[in-house]
Structure formats: structure tokens, C-alpha cells
Amino acid sequence: MNFQWMIEALGSREAFLVLAVALPTAMITVTVMLLVRAGFIGRRSSNYNH
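Description of the structure in this document. (Residues numbered from 1 in each chain as written. Predicted model: local features only at pLDDT ≥ 70, side-chain atom pairs only at ≥ 80, totals over all residues. Heavy atoms only, no water.)

**Some details on a nonpolar patch on the surface**
Nonpolar side chains collect at one region of the surface, where Ile28, Val32, Leu35, Val36, Phe40 and Ile41 lie side by side and expose about 530 Å² of accessible area between them. Note that Ile41 resides in the segment after α2 (13-38). (Patch = residues over 30% accessible without salt bridge, like charges linked within 9 Å, V, L, I, M, F, W, Y side chains within 5 Å. Areas by Shrake-Rupley, 256 points an atom, 1.4 Å probe, with all protein chains shown as cover. Salt bridge = Lys/Arg side-chain N within 4 Å of Asp/Glu carboxyl O. Helix = DSSP H or I, 4+ residues; strand = E, 2+ residues; numbered from the N terminus.)

**Examining the packing of helix α1 (residues 3-10) against α2**
Following both chains from N to C, one finds α1 and α2 inclined at 105°, their axes separated by 8 Å at the closest point. With respect to their mutual orientation, α1 and α2 come out roughly perpendicular. Residues Phe3, Met6, Ile7 and Leu10 of α1 touch α2, and the partners they reach there are Arg13, Ala15, Phe16 and Leu19. Here the residues of the contact of α1 with α2 are counted per class, giving 7 nonpolar, no polar and 1 charged. (Axes fitted to C-alpha atoms, helices over the stretch in contact; angles between N-to-C directions. Parallel < 35°, antiparallel > 145°, perpendicular 65-115°, else oblique. Contact = heavy atoms within 4.5 Å. Nonpolar A, V, L, I, M, F, W, Y, C, P; charged D, E, K, R; others polar.)

Interpretation in functional terms is not warranted from these geometric data alone.
Structure below.
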């Protein structure tokens, strides 16, 4: 991937860091938190042993 072109197209290095690094990281964090809260990740039910 040509990251220099992407940085220039976005306008600044800061915009690149926010859009290409921080935003995906935040979305993954929110997704994992929602999955944990819904019970799909983490705690197991006591009925699961059978």
C-alpha cells in the first residue's frame, strides 16, 4: 500500500492517524465491549457444562 499517497490525499499525517489507526481501533474496542455485554464473549453460563 502506498501510505505516502494516502497521507497526502487525507491532507495531513494527523488525519491519517485518526482515520487509519484510531478509528478502526476504537471500532474494534466498541465491538468487543458489545459482544462481552451481550454474553457472546467472556463469561460462560453454568448450564453450558452439559
